Amino acid sequence: MNSDQICNQSNGNEQQQQQQQQQQQMYNSPTDLINSVDSIRLKLTDDWKLLSSIYDLLVDEKAFCTASHEWNEKIVQFEQPKELKKLIDLKIDENKSLTMPEIEKICRQIIKYSISELCGYVHGDGIFSPGGSISNMYGLVLARYRRHPNIKTGGMFGLPPLVLFTSQESHYSLKKAAHWLGFGMNNCIEVATNERGQMSIEDLESKILDIKAEGRVPFFVNATAGTTVLGAFDDFEKVANICEKYNLWLHVDACLGGSALFCYKYRQLLKGLHRSNSFSWNPHKSMGAPLQCSLFITRELELLPQCNSLAVDYLFQQDKFYDISYDTGNKSIQCGRKVDAFKLWLMLKARGYGSFGHLLDYALDISKIFVNKLKQRKDHGFRLVLDEFQYTNVCFWYIPKHLRNLEETEEWNNQLYEVAPKVKELMIREGTLMLGYCPLQYRNVGNFFRMVFTCFPIINDSELDFILDEIERLAEQCHKHTSNGFV
Ligand SMILES: Cc1ncc(COP(=O)(O)O)c(C=O)c1O
């Protein structure tokens, strides 16, 4: 699947609808989905065995090359990239998962030929980066370069301030990037959000007009697919309309929610993503790829190399004997890099991207079941932060017995906000459960639990009950052991 195919899947034309219908036939009912997810779960132990066989395989293929008598042996076999594509089956299928021997064979081939970039994009461009914060920076640097190419050599001197917009619920990396890239944090404008945590389109437009009236220059809007705390998805179609109207670059921080691209049932969360100029996506979040695994993808052809490349002939030699378009290093901000693409490609190759679609649909389904359980346990002290969540994040409080049925004063709230950190402390000490907590300061709301479901671990219904029972047990135990409540 290339980047364009990915983006266009959220574009509701007829062909895609047909495709989606076909795909949805893969499971017709929630039971089908659970069976499918269970079959993945059953094979997990085999997957872990792969780790030990990979080590044996690396030794076998002499990848470590520690013995001096092996130093004159050939360890990498060169093939022209075009030939390599014929030798190694790079294509990722939706439904085809590989057996262990097949995976081992591919790993062996990769070691043998040792190629570095495995993404087969047809249109657009992309690069793996060390994390979502850096991927978001790529978006800013590209947008700035498209507007003012001379900045690459002359810097930003003498220009009016360039301004970016992002919602108040978006990730802090945008603000940090504004500082690092010399825009200044005051030129990173926070846009208000609605009850669900989505960017307010009215506030966005009004702030763009205000900034223009001040003589500053709007150039970039960051929308979010899956905000860190509430998992909110902005309305990309509406944000894109504004960006087109004012000629602004639209970047989508899809670090958390980008994996919904694989969903069958919930892909519409990303509707309109194809209209963005770029997006960031962290498979190390919802998909469970090993850290760090982050992509920056843009639909702007040629812009990445134009913006980032330098004529560094001592490293990026132009007179090599093979097609140097496969040397992607100069598009990157880094010099030395790991083969970041490999782990994601291998995950998709081994299971087929359809399996991840099932796992992600399941993660969303189970998060909704969790919400229902929380609602059912209302009388047992559980209270949701929102009635409904768009993605796999579920945020909630636990109200201990001694705080129930009391007037909810400021003091009461302060006591409630101490519950999650104290329970978390006990969780760490007892080691039975790990669950994060956070406040939402701009909503004037204190600490609550934040459960984010991902592809792995695959959690089932009864395990959800364990989580809630355990929170209840730990919270009450906490209160019992401290005569002054949670203080
Ligand atoms: C929405 C969002 N964007 C970006 C990031 C930053 O990603 P990274 O930790 O890979 O820099 C995060 C991390 O939590 C995030 O939730």
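Residues numbered from 1 in each chain as written. Predicted model: local features only at pLDDT ≥ 70, side-chain atom pairs only at ≥ 80, totals over all residues.

On a plain count of helices and strands, the chain comes out with 17 helices and eleven strands. Scored against the burial criterion, the 487 residues of the chain give a buried share of 37%. (Helix = DSSP H or I, 4+ residues; strand = E, 2+ residues; numbered from the N terminus. Buried ≥ 20, exposed ≤ 12 C-beta atoms within 10 Å, placed from the backbone.)

Pairing is mixed in the open sheet, where seven strands are placed in the order E1-E7-E6-E5-E4-E2-E3. Sheet topology places strand E1 (125-129) and strand E3 (188-191) at the edges, where each strand pairs with a single neighbour. On average, each strand axis in the sheet is tilted by 20 degrees relative to the strand beside it, whichever way the strands run. Two elements, E1 and strand E7 (residues 294-298), share five bridges in a ladder whose sense is antiparallel. Among the inter-strand pairings, serine 129 is bridged to a residue of E7, identified as serine 294. In this fold helix H10 (residues 201-213) packs onto strand E2 (162-167), E3 and strand E4 (217-224), with an angle of close to 150 degrees to the strand it touches most, E3. Contacts from helix H11 (residues 236-246) reach E4 and strand E5 (249-253), with the element oriented near 170 degrees to E4. (Pairing = 2+ DSSP bridges. Axes fitted to C-alpha atoms, helices over the stretch in contact; angles between N-to-C directions. Contact = placed C-beta atoms within 7 Å.)

Neighbouring the ligand are 14 residues, the closest being Gly131, Gly132, Ser133, His171 and Cys255. By residue class, the composition of the shell around the ligand is two nonpolar, eleven polar and one charged. (Near = placed C-beta within 6 Å. Nonpolar A, V, L, I, M, F, W, Y, C, P; charged D, E, K, R; others polar.)

Moving on, we get to the UniProt feature "modified residue: N6-(pyridoxal phosphate)lysine" (unreviewed entry) in the chain. UniProt marks Lys285 with the feature "modified residue: N6-(pyridoxal phosphate)lysine" (unreviewed entry), using the numbering shown here. Topologically, lysine 285 is positioned in the loop between strand E6 (278-281) and E7. Accessibility expressed as a C-beta count within 10 Å gives 24 for lysine 285, which makes it buried. If near-sequence neighbours (up to four positions away) are discounted, lysine 285 is found in contact with Cys255, Leu256, Ser259 and Thr454. (UniProt positions renumbered as here; feature names shortened; annotations may be inferred.)

As paired elements, E2 and E3 share four bridges and run parallel to each other. Looking at E3, one finds that serine 167 is bridged to valine 191. One crossover worth recording links E2 to the parallel E3 by way of helix H9 (residues 173-180), and it is right-handed. (Right-handed = clockwise from strand over helix to strand, strands pointing away.)

In spatial order, the strands read E8-E9-E11-E10; together these four strands make up an open sheet with antiparallel pairing. A single partner strand is all that each edge strand has here, and the edge strands are strand E8 (382-384) and strand E10 (436-440). Strand-to-strand twist in this sheet, taken as the mean axis angle between neighbours without regard to direction, amounts to 45 degrees. Note: E10 against strand E11 (residues 445-452), four bridges, orientation antiparallel. Each bridged residue has a counterpart across the sheet, and for cysteine 438 the counterpart in E11 is phenylalanine 448.

What follows covers the environment of serine 367. Tracing the backbone shows serine 367 in helix H14 (residues 353-376). A tally of 22 C-beta atoms within 10 Å means that serine 367 is categorised as buried. Sequence separation between serine 367 and threonine 392 is 25 residues, and the spatial gap between their C-alpha atoms is 5.4 Å.

Turning our eyes to something else, we now look at the packing of helix H3 (residues 30-42) against H14. Contact geometry of H3 with H14 gives a least axis separation of 9 Å together with a crossing angle of 120 degrees. When the axis of H3 is compared with that of H14, the two are oblique. Between H3 and H14 lies a crossing of left-handed hand. Counted together, Pro30, Leu33, Ser36, Val37 and Ile40 of H3 and Ser355, His358, Leu359, Asp361, Tyr362 and Asp365 of H14 form the full contact between these two elements. Broken down by class, the residue content of the contact of H3 with H14 amounts to six nonpolar, three polar and two charged. (Parallel < 35°, antiparallel > 145°, perpendicular 65-115°, else oblique. Left-handed = near helix turned anticlockwise from the far one by under 90°.)

Turning next to helix H13 (residues 340-351). In terms of burial, H13 is largely enclosed, as nine of its twelve residues are buried. Restricting attention to buried positions, one finds in H13 the residues Asp340, Ala341, Leu344, Leu346, Met347, Leu348, Lys349, Ala350 and Arg351. After H13 finishes, the residue glycine 352 shows a positive phi value of roughly 85 degrees.

As a further point, take the confidence of the model for the chain. Averaged over all residues, the pLDDT of the chain equals 87, while 88% of them reach at least 70. Across residues 1-12, confidence stays below pLDDT 50; counting only partners more than four residues off in sequence or on other chains, it has 30 contacts. Scored below 50 in pLDDT, residues 115-122 shows 18 contacts in the model against residues more than four places distant or in partner chains. (pLDDT = per-residue confidence, 0-100.)

What follows deals with unusual backbone geometry. Glutamine 292 follows leucine 291 through a cis peptide bond whose omega is -20 degrees. Take glutamine 292: it is sitting in the loop between E6 and E7. Positive phi, normally seen in glycine, also occurs at asparagine 247, with a value near 55 degrees. In this fold, asparagine 247 is placed in the loop between H11 and E5. A positive phi angle, near 70 degrees, is found at glutamate 302, a position not held by glycine. Here glutamate 302 shows up in the loop between E7 and helix H12 (303-308).

Right, let's get into the environment of leucine 440. By the element assignment, leucine 440 lies in strand E10. For the pair leucine 440 and valine 229, spaced 211 residues apart in sequence, the C-alpha separation works out to 8.1 Å. Contacts of leucine 440, omitting those with residues within four sequence positions, involve Val229 and Val445.

On to the pairing of E6, then. The side chains of a regular strand alternate, first on one face of the sheet and then on the other. Along E6, one buried face is formed by Ser278 and Ser280 and the opposite face, lined by Phe279 and Trp281, is buried too. Two strands pair when backbone bridges link them, and E6 and E7 are joined in this way by four bridges, in the antiparallel orientation. When the bridges of E7 are listed, serine 278 appears paired with threonine 298.

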